[in-house]
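Commentary on secondary and tertiary structure
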Amino acid sequence: MGFLDSILGRTELPKAKTEKLFAISTAAVTLESSLGLKPDGAAAICFKPIESSKYDRARRDIEDLLKISTKESGVLYRLQKDEYGYLWAVLQDPDFEDLVATIHMISQTLIEQGFGTQLLCAVYRFRGEKTVYWIYSFKQGAYYPFVPSGDKQRDNALEFRLKAIMEKEMPVEKDVGMWYPLWGMPI
Amino acid sequence: MKVWKPDLGLQARMLLTIFLLGVVYLIFLAVLVYFRADLLTTLVFIGGFMLLQYFYSDKVVLMSMGAKVVSESEAPELHEIVSRLCSIAGLPKPRIAVVKSNVPNAFATGRNQKSSVVAVTTGILQQLNKSELEAVLAHELTHVKNRDAMVLTIASFISTLAFFFVRNFLLFGGGRRGRDSGSSLIIVWLVSVVVYGVSYLLILALSRYREFAADRGSAIITGQPSNLASALRKISGIMTRIPSEDLRKVEGVNAFFIIPAVAKASIFNLLSTHPPLEARIAALERIEKELAA
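Residues numbered from 1 in each chain as written. Chains lettered and ligands numbered in written order. Predicted model: local features only at pLDDT ≥ 70, side-chain atom pairs only at ≥ 80, totals over all residues. Heavy atoms only, no water.

1. A closer look at the sheet that holds strand S1 (residues 38–47) of chain A
Residue and element names in this part refer to chain A. Spatially, six strands are ordered S2-S3-S1-S4-S5-S6 in an open sheet, and the strand pairing comes out antiparallel. This sheet does not close on itself; its edge strands, each paired only once, are strand S2 (76–81) and strand S6 (142–146). Geometrically, the sheet is characterised by an average inter-axis angle of 20° between neighbouring strands, direction not taken into account. Where S1 lies against strand S4 (residues 119–127), seven bridges are found, and the strand directions are antiparallel. When the sheet's bridge partners are listed, Cys46 is paired in S4 with Cys121. Running at roughly 30° to S4, helix H2 (residues 23–35) makes contact with S1, S4, strand S5 (131–137) and S6 of the sheet. The strands touched by helix H3 (residues 53–73) are S1, S2 and strand S3 (87–92); relative to S2, the strand with the most contacts, the crossing angle is about 160°. (Pairing = 2+ DSSP bridges. Helix = DSSP H or I, 4+ residues; strand = E, 2+ residues; numbered from the N terminus. Axes fitted to C-alpha atoms, helices over the stretch in contact; angles between N-to-C directions. Contact = heavy atoms within 4.5 Å.)

2. Some points on unusual backbone geometry
Backbone geometry follows two general trends: most residues other than glycine have a negative phi, and most peptide bonds adopt the trans configuration. Here B:Arg147, not a glycine, exhibits a phi torsion of approximately 55°, which is positive. Assignment of secondary structure puts B:Arg147 in the loop between helix H5 (130–145) and helix H6 (148–155).

3. With respect to the interface of chain A and chain B
Each partner contributes to the interface: chain A provides 37 residues, whereas chain B provides 46 residues. Buried surface at the junction of chain A and chain B, both sides included, amounts to about 3600 Å², of which 54% is carbon and sulfur. Per-residue buried area on chain A facing chain B is highest for A:Glu51, A:Tyr84 and A:Tyr180; these three make up 20% of the total on that side. Where chain A packs against chain B, one counts three salt bridges. (Buried area = accessible area lost by both parts, 1.4 Å probe. Salt bridge = Lys/Arg side-chain N within 4 Å of Asp/Glu carboxyl O.)

4. Some points on helix H3 (residues 76–89) of chain B
All names here are of chain B. Over its 14 residues, H3 extends 20 Å from the first C-alpha to the last, a length consistent with the 20 Å expected when each residue adds 1.5 Å. Judged by how many residues are buried, H3 sits mostly within the fold: 12 of 14 residues are covered. Along H3, the positions that sit buried rather than exposed are Leu78, His79, Glu80, Ile81, Val82, Ser83, Arg84, Leu85, Cys86, Ser87, Ile88 and Ala89. One or two residues past the end of H3 sits Gly90, with phi positive at roughly 70°. (Expected span 1.5 Å × (residues − 1). Buried < 20%, exposed > 50% of the residue type's maximum accessible area, 1.4 Å probe, protein only.)

5. Some thoughts on the side chain of B:Ser83
Inspection of the secondary structure assignment puts B:Ser83 in helix H3. Residue class for B:Ser83 comes out buried when judged on its relative accessible area of 3%. Residues in contact with B:Ser83, not counting those within four places in the same chain, are A:Tyr180 and B:Lys93.

6. A look at a nonpolar patch on the surface
Residues and elements named next belong to chain B. Where nonpolar side chains cluster on the molecular surface, the patch consists of Leu16, Phe19, Leu20, Val23 and Ile27 and spans about 460 Å² of accessible area. The residue Val23 is located in helix H1 (residues 8–34) in this model. Since its relative accessible area comes to 32%, Val23 is described here as partly exposed. (Patch = residues over 30% accessible without salt bridge, like charges linked within 9 Å, V, L, I, M, F, W, Y side chains within 5 Å. Areas by Shrake-Rupley, 256 points an atom, 1.4 Å probe, with all protein chains shown as cover.)

7. Here's the deal with the packing of aromatic side chains
The final tally for this structure, using the stated rule, is 12 aromatic pairs over all chains. Plain terms: the ring middles of A:Tyr55 and A:Phe115 are 5.7 Å apart, the flat faces sit at 80° to each other, and that makes the pair edge-to-face. One end of the pair, A:Tyr55, is in helix H3; the other, A:Phe115, is in the loop between helix H4 (96–112) and S4, and 60 residues separate them in sequence. By relative accessible area, A:Tyr55 is classed as buried at 5%. With 5.3 Å between their ring centres and 75° between their planes, A:Phe146 and A:Trp183 make a pair best called edge-to-face. Of the two residues, A:Phe146 sits in strand S6 while A:Trp183 sits in the segment after helix H5 (156–166), which places them 37 residues apart along the sequence. For the pair shown, A:Phe146 and A:Trp183 are each scored as buried. Here the aromatic residues A:Phe96, A:Tyr124, A:Phe126, A:Tyr136, A:Phe138 and A:Tyr143 are joined through ring pairs into a cluster of three or more. Directly above the ring of A:Tyr86 sits B:Arg84, whose terminal nitrogen or CZ lies 4.6 Å from the centroid. Cation over ring: B:Lys130 sits above A:Tyr84, and NZ or CZ is 4.6 Å from the ring centre. (Phe/Tyr/Trp six-rings, centres within 6.5 Å; stacked < 30°, edge-to-face > 60°. Lys NZ or Arg CZ within 6 Å of the ring centre and 35° of its normal.)

8. Details of the sheet that holds strand S3 (residues 106–109) of chain B
All names here are of chain B. Overall, mixed pairing links the four strands, which are arranged S1-S2-S4-S3 in an open sheet. The outermost strands of the open sheet, each flanked by one partner alone, are strand S1 (67–69) and S3. Averaged over neighbouring strand pairs, the angle between their axes works out to 25° when direction is ignored. Note: S1 against strand S2 (residues 95–99), three bridges, orientation antiparallel. When the sheet's bridge partners are listed, Lys68 is paired in S2 with Val98.

9. Quick look at the packing of H2(A) against H4(A)
Residues and elements named next belong to chain A. For the pair H2 and H4, the least separation of the axes is 9 Å and the interaxial angle reads 155°. Considering the angle they form, H2 stands roughly antiparallel to H4. Of the two possible hands of crossing, H2 and H4 adopt the one that is right-handed. Where H2 approaches H4, its residues Ile24, Ser25 and Ala28 are matched on the opposing element by Phe96, Glu97 and Val100. Residue composition of the contact of H2 with H4, grouped by class: four nonpolar, one polar and one charged. (Parallel < 35°, antiparallel > 145°, perpendicular 65-115°, else oblique. Left-handed = near helix turned anticlockwise from the far one by under 90°. Nonpolar A, V, L, I, M, F, W, Y, C, P; charged D, E, K, R; others polar.)

10. Section: the environment of A:Glu32
Residues and elements named next belong to chain A. Its location among the elements puts Glu32 in helix H2. Judged by its relative accessible area of 36%, Glu32 falls in the partly exposed class. Non-local contacts of Glu32, meaning those with residues more than four positions away in its chain, are made with Leu37 and Lys38.

11. Some remarks on the pairing of strand S4 (residues 117–121) of chain B
On a regular strand, one side chain projects to one face of the sheet and the next to the other, so that they alternate. Residues and elements named next belong to chain B. By the criterion of burial, S4 is predominantly enclosed, with five of the five residues buried. Burial along S4 is two-sided: Val117, Ala119 and Thr121 and Val118 and Val120, pointing in opposite directions, are all buried. Pairing of S3 with S4 involves four bridges; the strand directions are antiparallel. Bridged to Phe107 within S4 is Ala119.

Structure, rendered in structure tokens:
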């Protein structure tokens, strides 16, 4: 967001950054060995729909792609709107690599069709003593931990620990203020 | 592939307004220097005043509105909507405040993106559904993103100076050495009146353009221009039936409201901080058509 954009009142949404998306694949090993967190066979990607015929086409493309790719990989998927009007593609597969690849494919398709700016996040679920989510922010190009505990409360202590341990393995968002929770996500 | 085309016309109008404002200000300063007005003291005085306004306006606005900053546990839904919009728009999350008032309205304040506060009235929370509320919040977030509070404060700096001369012409602005102090006093005063009048109109125009820009930003961030259009219709329909005693309180902060709270019956759009509703809705409909094409 440059100075000129401010003066002229231009709104340009930051582009999606997908380079670091795959970092979770290698990090999964450390997550299991040092924290006892196993991939829980579930992941999701969330984006904001647009009122546009082009977007409708992009959504159909994604569904077609999902149908084809999931037949091969055996990933189960469903598309679902949440209470805030955001669309989720929720994936299930015991093979973590397949989940990561499918998430990447969906984000790539959206970016190619011009809707990269509408990507909110990708979420991977891990289980250990507690259920832990690693959220990938497409705007920041980094991951952050989200550990819900009870009624809209977060286990901040565990989240900080996760950050400290995983920082070397994967890009973790440094600004804690950007660790937005996602309550009631369909995963 | 690009989904959103930039609104070059709006940008050009905004730039022209800023340019004209700059020209008026330069002429004014030249006149002041020519007549050896006591510029320094005045500039320091006004500058100090503006700095105070710059640093404290958010607190003053929040206090005068009776806005209460709410935490995530007090207003989880508001926080969730705002934090998602901030993610999409790449903004730090502002604080969120609620004003106990039946007037359906929303405003943003704060000198920069980090210190900003986005406030909504309880009235607007009741009147709008979730997607309309989201559109209104995205409009306010665009004000934050475009630093509108700062832009308008800076734009009105010299205008404030002119206004000061108009009010206090006996104290300031007298030529002191060699020139006929009586007539130069009057000339400086007359010039101040003209500069204040012209810059006032230009600042209002700028404010209206920034409303259009914020509407456009809302459409881009939410991806759904029709939600803001329906929210604007709803709010403005209700605005006219609100008792005036509630409205008087809110006049001072009009420039940052989504809809001006004081319903001016003036037929001159020139004298308004906000564009007329029909123009705003027409602009949103143009964006919608762009999207459908």
